[in-house]
Structures are given as structure tokens and as C-alpha cells.
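Single-letter residue listing:
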Amino acid sequence: MPLAHSVLANVMDPEVPVVSVVDLGIVRGLSWREGHLHVLITPTYSGCPATEVIETSIRDALVQSGFVSTQVEQRLDPAWTTDWITDEGREKLKAYGISPPVGSADKRSLTAEKPVVLCPICDSKNTLQISEFGSTACKALYRCNDCLEPFDYFKCI
Amino acid sequence: MKKYDELTEFLLRMGDSALIQAQRLCEWTGKAPALEEELALMNVGLDLVGQARNWLEYAAERIGDEAIDADVLAYRRDERNYRNVLMVEQPNGDFAVTMAKQFFYDVWQYHMLTQLRGSSDERVVAIAMKSLKEVTYHLRRSSEWVERLGDGTEESHRRMADAVDSVWRFSYDLLLVSDEEAALCADKTLGDITQIADQWQSMVARVLAASTLEVPAPAEPFYLNSRNGVHSECLGILLAEMQFLQRAHPDASW
């Protein structure tokens, strides 16, 4: 099982290729069931086009490491939250230039104030949201008012 | 027109509404007023396609016919078998009309999904919980646009007021709860969605007031009836475009 886990820790998200499916909290379970390895995953967003690629990548990586009989199951419940992104995942996102989600998704209500998003390049708090949506469903567009660089923010959901 | 059991009909209503709203949003590809807005419209559409797939997959499983899956439901039904709410099939108009439709639909989704979390059907709960996170985000954005345009310049105010006026009459269909749905609420299959009209009107009134827009009187029913497949004429045209590939080349894939 530790081997299978370490294989999954090297399966990268196709759209953010520095964080693995384990870092993102997509892998929700790993178990032996009647002779095959069962992997439980959950989609980040309902329409995330990467979900099917992720499923295939997981299966391929496991087969290549000798886990010939694997089954990948997708489950919606409980719904994925950015709270499941690991600390290591958050650091990798920041190093890649994507500001990690701020705060806990549980506490964010409909009318909540916009979060203080740190610039991943110069750490300034003086940033501005340009658009609620970015290049993928999981990100928003921001700009730093100090170093003037635009950057992606991983939405807190 | 084919009718399925009450829960399946309800799943089709949720799934078809998300799908048709997403298809309308896609029509903005290449012509949104700004690049950031285009990204946003497409991303909302993408979330909705995903939600539609979740609802339609469940509907297809309940129908229990091997030949019917979510794709068949989406691409091989004609307008009389579509169950989407009338609001979402209306043409996009200008950006104000698009945002008015999005806002009215988002408020409806927000309250419907909130209530559906209390269903006894686990699958409905799972889809509702997942979708609600995304819809809350959509609603924040669409209500901000209604406010920005309504409480903006003279021109944007006039356009937003016209937009509200042009689609308001379809809200009766959005807010109507059928006897079959009320029965599903009574036996707890669905969470209590019977208060949707009050919940929708109260949130909409609050945002319109903050946007310096007038709140129209509740819309009166007229002859169109989405539950019986009696849609406005624009749905057929929308489906002709959306379904063309699968109709011309059945089972085409890449």
C-alpha cells in the first residue's frame, strides 16, 4: 500500500502539473478489494475536463508499477473542497506562481468579504481581482499592485 | 411526449435546465465584451455541463434502458421531451439580458439545491451538495453584475431594466412546483422545495432594490409549459445546433 500511495503521489494534475492528485486531495481512498487495488477519487469541479484524464493517468501509473488489477471509482460525495489540498500542495502551487486558496471553504458564505490574496511572487497583500474566473475552472485572475505582475489564484471552494 | 416516473422527471428538469443554460453561455464564445468575461461565461457553462451530466446520468440509470445514457438524453431528444425551465432557453440578447437570465437562474438553483440537500435520496443529495458550491460562486458573480449595470450609467441602467422586463414573464414557470414534485417533497424523497417562489422573490427583490431597479409584480402563467414539453420556439433552434453532430453522425467520437 505505501508503494501504491507513492505511485499516486507522482501522478500530476494535467492542468497544474506541479501538484499531484494526492496533494490536491482528489484521492479519497486506497484499498485492496477481492484481489484488485481500489482507488476512490472525487472530481474537483462538476465539469472539470481533467477528471477523466486523471482517472486514466492513475490507472496507467499503477499498471506500470505492477498493479495490474486496479479499479478507479469516482464519487461525488463528500464534495471536494480546497481544504483538502495538503500543505505541501499549497507550497508547490505558490512556487509555481499560483496563489493557494485563502482560509477555509466552510466559513465562506455567499456575502463574505473577498479574501486577502497574497501575490505568489513578492508576497504583497496589495492585490486586485481582475476576474472571478481564470484559465481553468479552479482559478481566478488577480494582479499585484506592487510588483504589477498578473497571477492565478486557486479559488477557495 | 414521453413521461417517466416523478423523480426521473424532476432529474430531467434539473439536468436539462443546466444543459440548456450552458449551451446559451457557449454562444458567447468569441464575442463576449471582454476576455475576462468570456472566460467567466465559459467557466460557468463548464460547471453547468458537469452538473447536467450528473443529473442526466442518474436519470438514465433510473430509466433503466441499456440504449439510453446521458449522451443519448442530451443529444437525441427533441424539444417536446426536454424538461428545462423556460427562462434558460431564451435568447441571450445583450450582455444585460444574459446576466439577468443567469441571475434569475442562479437564485433558483441556489435555493433549490440548498433544499435538495435534505432529500432522502443519497444521490440527489450528493449532486446537490457538489453543485451548490459552484452555484454559490456563480450567484455572487451574476448578482454583482446586475447591481453594477443597474446602478451604473444611465445607459446601463436602462439596458438592465429592459433585460429584467424582457425575461421576467418566464419566472412563473421557474417558480411553479407541480403536484408531482410536491408529493415527492411530502414523502421526503426531495427536500422541501415548495417554498421556492417566496425564497426566490425575496432574494431577487433585495438585489434588484440594491441595483436601483424596480421589482416587477409576480409573473402570471401563460400557455407555455416546460413540464409538458411546450417550450418557446427558440428551443428547437438551439437544439438543432447543439445536436447536429450526433444527429448527422450518430455515435461519432474522437
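Residues numbered from 1 in each chain as written. Chains lettered and ligands numbered in written order. Predicted model: local features only at pLDDT ≥ 70, side-chain atom pairs only at ≥ 80, totals over all residues.

Attention now goes to the overall build of chain A. For chain A, the helix and strand inventory stands at three helices and seven strands. When the helices and strands of chain A are read in sequence order from the N terminus, they spell out α-β-β-α-β-α-β-β-β-β. Projecting the C-alpha coordinates of chain A onto the three principal axes gives extents of approximately 55 × 30 × 25 Å. Residue burial in chain A is summarised as follows: out of 157 residues, 36% are buried. (Helix = DSSP H or I, 4+ residues; strand = E, 2+ residues; numbered from the N terminus. Buried ≥ 20, exposed ≤ 12 C-beta atoms within 10 Å, placed from the backbone.)

The helix and strand tally for chain B stands at eleven helices and zero strands. The order of helices and strands in chain B, counted from the N terminus, is α-α-α-α-α-α-α-α-α-α-α. Every one of the 254 residues in chain B was classed for burial, and the buried ones make up 44%. The contacts of chain B with a sequence gap of at least 6 include a subset with a gap of at least 24, amounting to 75%. (Contact = placed C-beta atoms within 7 Å.)

Helix packing geometry: the angle between the two helix axes and the distance between the axes. Residue and element names in this part refer to chain B. Where helix α1 (residues 6-26) contacts helix α2 (residues 35-63), the axes come no closer than 8 Å and their chain directions differ by 155°. Put simply, α1 runs roughly antiparallel to α2. Our pair here, α1 against α2, has a crossing hand that is left-handed. (Axes fitted to C-alpha atoms, helices over the stretch in contact; angles between N-to-C directions. Parallel < 35°, antiparallel > 145°, perpendicular 65-115°, else oblique. Left-handed = near helix turned anticlockwise from the far one by under 90°.)

This part covers the environment of A:Glu132. All names here are of chain A. Residue position: Glu132 is located in the loop between β5 (127-131) and β6 (139-144). A tally of 21 C-beta atoms within 10 Å means that Glu132 is categorised as buried. When the C-alpha atoms of Glu132 and Lys155 are compared, they prove to be 8.5 Å apart, with 23 residues separating the residues in sequence.

Here we take up helix α2 (residues 50-64) of chain A. All names here are of chain A. Counted at 1.5 Å a residue, the expected span for α2 with its 15 residues is 21 Å, and the 21 Å between its end C-alpha atoms agrees. Of all the positions in α2, only Ala50, Ile54, Ile58 and Leu62 are classed as buried. The buried residues of α2 occupy an angular sector of 105° when projected down its axis, which confines them to one face. Seen from the buried face of α2, the exposed residues on the opposite side, beyond 90 degrees, are Glu52, Thr56, Asp60 and Gln64. Along its buried surface, α2 packs onto α1 (2-8), β2 (36-41) and β3 (70-74). Once α2 ends, the next one or two residues include Gly66, with phi positive near 100°. (Expected span 1.5 Å × (residues − 1). Arc of directions from axis to C-beta.)

Residue and element names in this part refer to chain A. Per the domain assignment, the segments of chain A are domain 1 (2-80) and domain 2 (88-154). Just the C-alpha atoms count here: the centres of domain 1 and domain 2 sit 26 Å apart. Between domain 1 and domain 2, the residue contacts involve ten residues of the former and nine residues of the latter. (Domains from an automatic or database assignment.)

All names here are of chain A. Strand order in the open sheet formed by four strands is β4-β7-β6-β5, and the pairing between neighbours is mixed. Across the chains shown, the open sheet's two edge strands, defined by having one partner strand only, are β4 (98-99) and β5. As defined by bridge partners, β4 adjoins strand β7 (residues 150-154) across two bridges and the pair is classed as parallel. Along β7, the bridge assignment pairs Ser99 with Tyr153. (Pairing = 2+ DSSP bridges.)

Further remarks concern the sheet that holds β3(A). All names here are of chain A. In spatial order, the strands read β1-β2-β3; together these three strands make up an open sheet with mixed pairing. Sheet topology places β1 (27-33) and β3 at the edges, where each strand pairs with a single neighbour. Averaged over all adjacent pairs, the angle separating strand axes in this sheet is 20°, with direction ignored. In this structure, β1 lies alongside β2, joined through six bridges in antiparallel fashion.

Looking now at the environment of B:Val164. As for its position among the elements, B:Val164 is in helix α7 (residues 154-168). Contacts of B:Val164, omitting those with residues within four sequence positions, involve B:Ala100, B:Leu208 and B:Leu213.

This part covers the nonpolar core. Burial of nonpolar side chains together is a common tendency in soluble globular proteins. Counting residues in each nonpolar core, the largest one holds 101 residues, and the members touching the most others are B:Trp55, B:Met87, B:Ala100 and B:Phe104. Element by element, the count of residues in this core is highest for helix α5 (residues 95-116) of chain B, at 14 residues. In this structure, this core is formed jointly by two domains, domain 1 (2-80) and domain 2 (88-154) of chain A, each of which donates at least three residues. Those residues within four positions of B:Ala100 in sequence are excluded, and the remaining contacts are B:Val146, B:Ala163, B:Val164 and B:Val167. (Core = buried A, V, L, I, M, F, W, Y, C linked by C-beta atoms within 7 Å.)

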